[in-house]
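Given next are the chains, with one letter for each unit.
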Amino acid sequence: SAVISQKPSRDICQRGTSLTIQCQVDSQVTMMFWYRQQPGQSLTLIATANQGSEATYESGFVIDKFPISRPNLTFSTLTVSNMSPEDSSIYLCSVEVQENIQYFGAGTRLSVL
Amino acid sequence: LAKTTQPISMDSYEGQEVNITCSHNNIATNDYITWYQQFPSQGPRFIIQGYKTKVTNEVASLFIPADRKSSTLSLPRVSLSDTAVYYCLVGDRFLGAGNNRKLIWGLGTSLAVNP
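Residue positions are given per chain, counted from 1 along the sequence in the order it is written. As they are written, the chains are lettered A onward and the ligands numbered 1 onward, keeping that order. Whole-chain, interface and lining totals are the exception, using all residues; otherwise, since this is a predicted model, local features are given only for residues with pLDDT of at least 70 and side-chain atom pairs are given and counted only at 80 or more. Side-chain metrics in this entry use all non-hydrogen atoms of the structure; hydrogen atoms and water are not considered.

K.L.:
Which parts of the structure should I look at to understand the overall build of chain A?
P.N.:
A run of DSSP states H or I qualifies as a helix once it reaches four residues; a run of E qualifies as a strand once it reaches two. Both are numbered from the N-terminal end. When you go through chain A residue by residue, the secondary structure sums to 0 helices and 11 strands. Each helix and strand of chain A, placed in order from N terminus to C terminus, yields the pattern β-β-β-β-β-β-β-β-β-β-β. A compact globule built from 113 residues would reach a C-alpha radius of gyration of about 13 Å, and chain A, at 13 Å, matches this within 12%. Across its three principal axes, chain A shows a C-alpha extent of roughly 40 × 25 × 20 Å. The classification of residues rests on relative accessible area computed with a 1.4 Å probe and restricted to protein chains. Under 20% of the type maximum is buried, over 50% is exposed, and intermediate values are partly exposed. Among the 113 residues that make up chain A, the fraction classed as buried is 52%. Contacts: residue pairs with any heavy atoms within 4.5 Å of one another. Residue pairs at least 24 apart in sequence account for 52% of intrachain contacts in chain A once pairs closer than 6 positions are excluded. Only the protein chains shown count as cover for residues, with accessible areas throughout obtained via the Shrake-Rupley method and a probe of 1.4 Å. When the accessible surface of chain A is split by element, carbon and sulfur atoms take 46% of a total near 5,100 Å². Only the C-alpha atoms count toward the radius of gyration. The rule for a globule is 2.2 Å times the residue count to the power 0.38.

This is the structure:
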């Protein structure tokens, strides 16, 4: 298993600004994922972040809007850039410790005004 | 387009067995089936994973027929604390850096356990 700490747990931001979400893992992992989840809805994968390589983005998500850093095997950040109210959502990071078994952080609840 | 389909909601009572079925007709040979549980204001939590036949752990069983086009999560003797949303995930293996992972999440089944 793995313990994932996500910061901040929630934030309220003004449109046009950027927010960086941090994800810290208590062990070294190769695979990290960033998701978006609207309240009451399922998870949407934003990107896969592997240490030592560029993040791989899913259709509909671009690096300019959601830049990701993965400086080492225990840490990653996701930035939500130039925010608009449509970016209001819950952002989750997860790690894959065993093949296809993910452990999730508690999420960051973002509201954009 | 591959997708997973599961019931939107289910109701049960304490002590009963609950079975939640997920349909994944386009599952590929290398895909795994994984189930997660999510409580409000928390991230999803791993319950069980399987590839084929039956898998059992301390909290649940997973039944997968030979054609693998569906899977059934079985929760024995549910309690009030099992009230949550349950997600079915069909995912492939890591194929190397730069490759998009195939992670197909169902829309979730909201299970309500009543006293």
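K.L.:
Would you explain the sheet that holds strand β7 (residues 70-75) of chain B in this entry?
P.N.:
In a beta sheet, neighbouring strands pair by backbone hydrogen bonds and run either parallel or antiparallel. All names here are of chain B. Criterion used throughout: strands pair if DSSP finds at least two bridges between them. If you walk across this open sheet you meet the 4 strands as β2-β7-β6-β5, and the pairing is antiparallel. On the outer flanks of this sheet lie β2 (18-23) and β5 (53-56), each paired with one strand and no other. The mean inter-strand angle of the sheet, taken between neighbouring strand axes irrespective of direction, is 15 degrees. In this analysis an axis means a line fitted to C-alpha atoms, helices contributing only their contacting stretch, and an angle means the value between N-to-C directions, from 0 to 180 degrees.

K.L.:
Got a minute to help me understand the pairing of strand β1 (residues 4-7) of chain A in this structure?
P.N.:
Along a regular strand, successive side chains alternate from one face of the sheet to the other. All names here are of chain A. The side-chain alternation of β1 yields one buried face, formed by I4 and Q6, and one unburied face, formed by S5 and K7. Of the strand pairs in this sheet, β1 and strand β3 (residues 19-25) are connected by 4 bridges, and their pairing is antiparallel. Bridge pairing in β3 places I4 opposite V25.

K.L.:
I tried to follow the state of the cysteines on my own but got confused; where do I start?
P.N.:
Among covalent bonds in proteins, the disulfide is the one between the sulfur atoms of two cysteines. The rule for a disulfide is simple: a pair of cysteine sulfur atoms within 2.5 Å. With the rule as written, the count across this model stands at 2 disulfides over all chains. Across the disulfide, C23(A) is cross-linked to C93(A) (sulfur-sulfur distance 2.0 Å). Since a negative S-S torsion denotes a left-handed disulfide, the C23(A)-C93(A) link at about 70 degrees is right-handed. Residue C23(A) is located in strand β3, and its partner C93(A) is located in strand β9 (residues 89-98); the two are separated by 70 residues in the primary sequence. C93(A) carries the same exposure label as C23(A), and that label is buried. Bridging C22(B) to C88(B), the disulfide has an S-S length of 2.2 Å. Since a negative S-S torsion denotes a left-handed disulfide, the C22(B)-C88(B) link at about -80 degrees is left-handed. With C22(B) in strand β2 and C88(B) in strand β8 (residues 84-91), the pair connects residues that are 66 residues apart, well separated along the chain.

K.L.:
I keep staring at the sheet that holds β3(A) and nothing clicks. Help me out?
P.N.:
All names here are of chain A. Ordered in space as β1-β3-β8-β7, the 4 strands form an open sheet in which the pairing is antiparallel. Strands with a single pairing partner mark the edges of an open sheet, and in this sheet they are β1 and β7 (68-72). Strand-to-strand twist across the sheet, computed as the mean angle between neighbouring axes with direction ignored, equals 15 degrees. Bridging between β3 and strand β8 (residues 75-80) involves 6 bridges; their strand directions are antiparallel.

K.L.:
How should I be thinking about the interface of chain B and chain A in this particular structure?
P.N.:
In many analyses, interface size is given as the accessible surface area lost on bringing the parts together. The partner chain A presents 24 residues to the 25 residues of chain B that form the contact. Here the quantity called buried area is the accessible surface, traced with a 1.4 Å probe, that two parts lose on coming together, added over both. A combined buried area of about 1,900 Å² lies between chain B and chain A, and 49% of that area is made up of carbon and sulfur atoms. When a carboxyl oxygen of Asp or Glu lies within 4 Å of a side-chain nitrogen of Lys or Arg, that pair is called a salt bridge. At the surface where chain B touches chain A, the tally comes to 0 salt bridges. Any pair of N or O atoms that falls within 3.5 Å is considered a polar contact. Within protein, one atom must be able to donate a hydrogen and the other to accept it, and sequence-neighbouring residues count only if both atoms are side-chain atoms. At the surface where chain B touches chain A, the tally comes to 6 residue pairs in polar contact (both at pLDDT 80 or more). Looking at the side of chain B that touches chain A, the elements with two or more residues in it are β3 (32-38), β4 (45-50), β8 and β9 (103-105) of chain B. Counting residues per element, the side of chain B that touches chain A draws most heavily on β3(B), at 4 residues. Looking at the side of chain B that touches chain A, its residues break down into 11 nonpolar, 11 polar and 3 charged. All residues other than Ala, Val, Leu, Ile, Met, Phe, Trp, Tyr, Cys, Pro, Asp, Glu, Lys and Arg, Gly among them, are scored as polar; the first ten of these are nonpolar and the last four charged.

Honestly, that's just the spatial picture; any functional story needs more than this.
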